[in-house]
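# Coordinate analysis (summary)
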Amino acid sequence: MVENSLTPLPERAIYGFVLFLSSQFGFRLFLVWAFVPESWLNSLGLTFWPQKYWAVALPVYLLIAVLMGYTTMLKNQEQKNHQEDAIPALRDIPISEVNKMFFLEAKELYTQNCV
Amino acid sequence: MEDERSFLDICGGPLTLRRRYYSSYCREFGLSSARLSLRSVTAVTCTVWLVAYGLFTLFENSMILSSAIFITILGLLGYLHFVKIDQETLLIIDSLGIQMTSSYASGKESTTFIEMDKVKDVIVNEAIYMKVIYYLCILLKDPVKPHEISQVVPVFQSTKPRLDCLIEVYRSCQEILARQKATSASP
C-alpha cells in the first residue's frame, strides 16, 4: 500500500460489502450446523461435517487463549521494567581506549599483562 | 633536547631512535636503520658475475658479460634510489599537523603532511602475520563527520620497529595530542 489514508474509495466499499456478506453467511452457517440435528442434515444429503463437539470446543479454546494472552502479556510488561542490571549487549571497545589502557596508564601493568 | 637510543626491528636488525624535543608542542622522532653493508653488495655482485661468467663459457657470447655489468650497476642505483630507506622521521607540531619523511640511500626524500584537523588519534595497532606485529598508525577523520574514522595511515613502514620503540613514540605523541585536544575543547 502506498499510503494509509482513510479516504472512502469505491474499491474499499466493495471490499467492505464482500466482507460483510461473507461474515454474515459464515455466522449463519455456523448456527445451522450447531443447532440442526444430524439426521435432518443427513436426509438433505449433507454428510461431511465436523463433529458437533467442535461447535462448543472451538469458542471455548479461543476464549481461553485470549484470557491467557492477557495474563502473560501483562506479566511480561511488568518484568521488562526491571532490567537495569542485566548483561549489556556486546560491543567493541574503541582502539584508542585499548591503547590508552595498555600503554599509557602504567608500564608495570602492561608488562604484567603480557607475561 | 636530543635523545638517542638503540632498538631492534622485527627482523632483528639494529635501529636507532633519535628524539628531538624542539619545544613543548613540537617533537620529532627519527628512526634510522642500518646502512647498506659492503658485504651484501659484494656478495650480490659476485654471484651475478659468476653466473654471467658461467653462461659466457657456455654460450661464448661476450654480450652476456657486458649486460651483467650493466644490470649490476643499474640494479644497485635503482635499489638505492627507490627501495633502500635509510631514515624515517615523524614530526608532530601541535595545532599544525604531522609530517612523515622517508629519506632514501641515494639522498631522495619523500614527505607526507597531514593537517591536525584530519588527525583523530595516533595508535599502536596489531597485525597478525606469522606472529603478531605492532605498527604505529595515524587515524584520520573527515572534518564533516568527526566521529568516524575515514582512513588509517601506517607509519615507519620500512624500518618496522618493535613494540618497545613504538611505546616511546606513542607516549610522546599522546602527550602532544592530549594538549591539543585540551586546547581545542576549551576555546
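Residues numbered from 1 in each chain as written. Chains lettered and ligands numbered in written order. Predicted model: local features only at pLDDT ≥ 70, side-chain atom pairs only at ≥ 80, totals over all residues. Heavy atoms only, no water.

### Side note on the overall build of chain B
Within chain B one finds three helices and nine strands. In sequence order, chain B lays out its α and β elements as β-β-β-α-α-β-β-β-β-β-β-α. Here chain B holds 187 residues, and 36% of them are scored as buried. Sequence-distant contacts, at least 24 apart, represent 44% of the contacts inside chain B between residues at least 6 apart. (Helix = DSSP H or I, 4+ residues; strand = E, 2+ residues; numbered from the N terminus. Buried < 20%, exposed > 50% of the residue type's maximum accessible area, 1.4 Å probe, protein only. Contact = heavy atoms within 4.5 Å.)

### Topic: the interface of chain A and chain B
Counting residues at the interface gives eight residues for chain A, matched by 10 residues for chain B. There are zero salt bridges connecting chain A and chain B. Elements supplying a minimum of two residues to the side of chain A that touches chain B: α4 (95-104) and α5 (107-114) of chain A. Looking at the side of chain A that touches chain B element by element, the count peaks at six residues for α4(A). Of the residues belonging to the side of chain A that touches chain B, the class tally is four nonpolar, two polar and two charged. (Salt bridge = Lys/Arg side-chain N within 4 Å of Asp/Glu carboxyl O. Nonpolar A, V, L, I, M, F, W, Y, C, P; charged D, E, K, R; others polar.)

### With respect to the pattern of salt bridges
Residues and elements named next belong to chain B. Applying the stated criterion across every chain yields a total of 10 salt bridges over all chains. Among the salt bridges present, the one from Glu 168 reaches Arg 19, with a minimum N-O distance of 3.1 Å. In this pair, Glu 168 sits in helix α3 (residues 163-185) while Arg 19 sits in strand β2 (residues 14-23), placing the two residues 149 residues apart along the sequence. Note on Arg 19: relative accessible area 13%, which makes it buried. Close ionic contact of Arg 27 with Glu 175 constitutes a salt bridge, the shortest N to O distance being 2.9 Å. Residue Arg 27 is found in strand β3 (residues 26-33), and its partner Glu 175 is found in helix α3; the two are separated by 148 residues along the sequence. On the basis of relative accessible area, Arg 27 is assigned to the buried category, the value being 9%. Using a relative accessible area of 44% as the deciding quantity, one classes Glu 175 as partly exposed. Each of Asp 3, Arg 5, Arg 19 and Glu 168 takes part in one network of salt bridges that share partners.

### Some points on the packing of helix α1 (residues 38-59) of chain B against helix α2 (residues 63-83) of chain B
Residues and elements named next belong to chain B. In contact at an axis separation of 9 Å, α1 and α2 are set at 160° when each is read in the N-to-C sense. On the basis of the axis angle, α1 is roughly antiparallel to α2. Between α1 and α2 the crossing geometry is right-handed. Residue-level contacts link Val 41, Thr 45, Val 48, Trp 49, Ala 52, Tyr 53, Leu 55, Phe 56 and Phe 59 of α1 to Ile 64, Leu 65, Ala 68, Ile 69, Thr 72 and Leu 76 of α2. For the contact of α1 with α2, a count of residues per class yields 13 nonpolar, two polar and no charged. (Axes fitted to C-alpha atoms, helices over the stretch in contact; angles between N-to-C directions. Parallel < 35°, antiparallel > 145°, perpendicular 65-115°, else oblique. Left-handed = near helix turned anticlockwise from the far one by under 90°.)

### Let's talk about the UniProt feature "transmembrane region" (unreviewed entry) in chain A
Residues and elements named next belong to chain A. On the UniProt side, "transmembrane region" (unreviewed entry) is annotated at positions that read residues 12-33 and 53-73 here. Annotated as 100% helix and 0% strand, the span residues 12-33 places its first and last C-alpha atoms 31 Å apart. The span residues 53-73 carries 100% helix and 0% strand; its end-to-end C-alpha distance comes to 30 Å. (UniProt positions renumbered as here; feature names shortened; annotations may be inferred.)

### Digging into the side chain of B:Thr45
For B:Thr45, the position within the fold is in helix α1. Looking at B:Thr45, its side chain comes within polar contact range of the main-chain oxygen of B:Val41, at 2.6 Å. (Polar contact = N/O pair within 3.5 Å; in protein donor to acceptor, adjacent residues only side chain to side chain.)

### Quick notes on unusual backbone geometry
Excluding glycine, most residues fall at negative phi; most peptide bonds, likewise, are trans. Residue and element names in this part refer to chain B. Not every positive phi belongs to a glycine, and Ser 95 is a case in point at roughly 70°. Inspection of the secondary structure assignment puts Ser 95 in the loop between β4 (85-93) and β5 (97-104). Since its relative accessible area comes to 58%, Ser 95 is described here as exposed. Its identity is not glycine, yet Lys 160 carries a phi of approximately 50°, on the positive side. Checked against the element boundaries, Lys 160 lands in the loop between β9 (149-155) and α3.

### Thoughts on the sheet that holds β5(B)
All names here are of chain B. Read from one edge to the other, the open sheet built from six strands follows the order β1-β2-β3-β4-β5-β6, with strand pairing classed as antiparallel. The open sheet has two edge strands, β1 (2-8) and β6 (109-115), and neither has a second partner. Going from strand to strand, the sheet's axes swing by 15° on average, the running direction of each strand aside. Pairing geometry for β5 and β6, over seven bridges, is antiparallel. Bridging from a neighbouring strand, Ser 102 pairs with Ser 110 of β6. (Pairing = 2+ DSSP bridges.)

### A look at the side chain of B:Thr72
Residues and elements named next belong to chain B. Inspection of the secondary structure puts Thr 72 in helix α2. What makes Thr 72 buried here is its relative accessible area of 15%. Sequence-distant contacts of Thr 72, defined by excluding residues within four places in its chain, comprise Thr 45, Val 48 and Trp 49.

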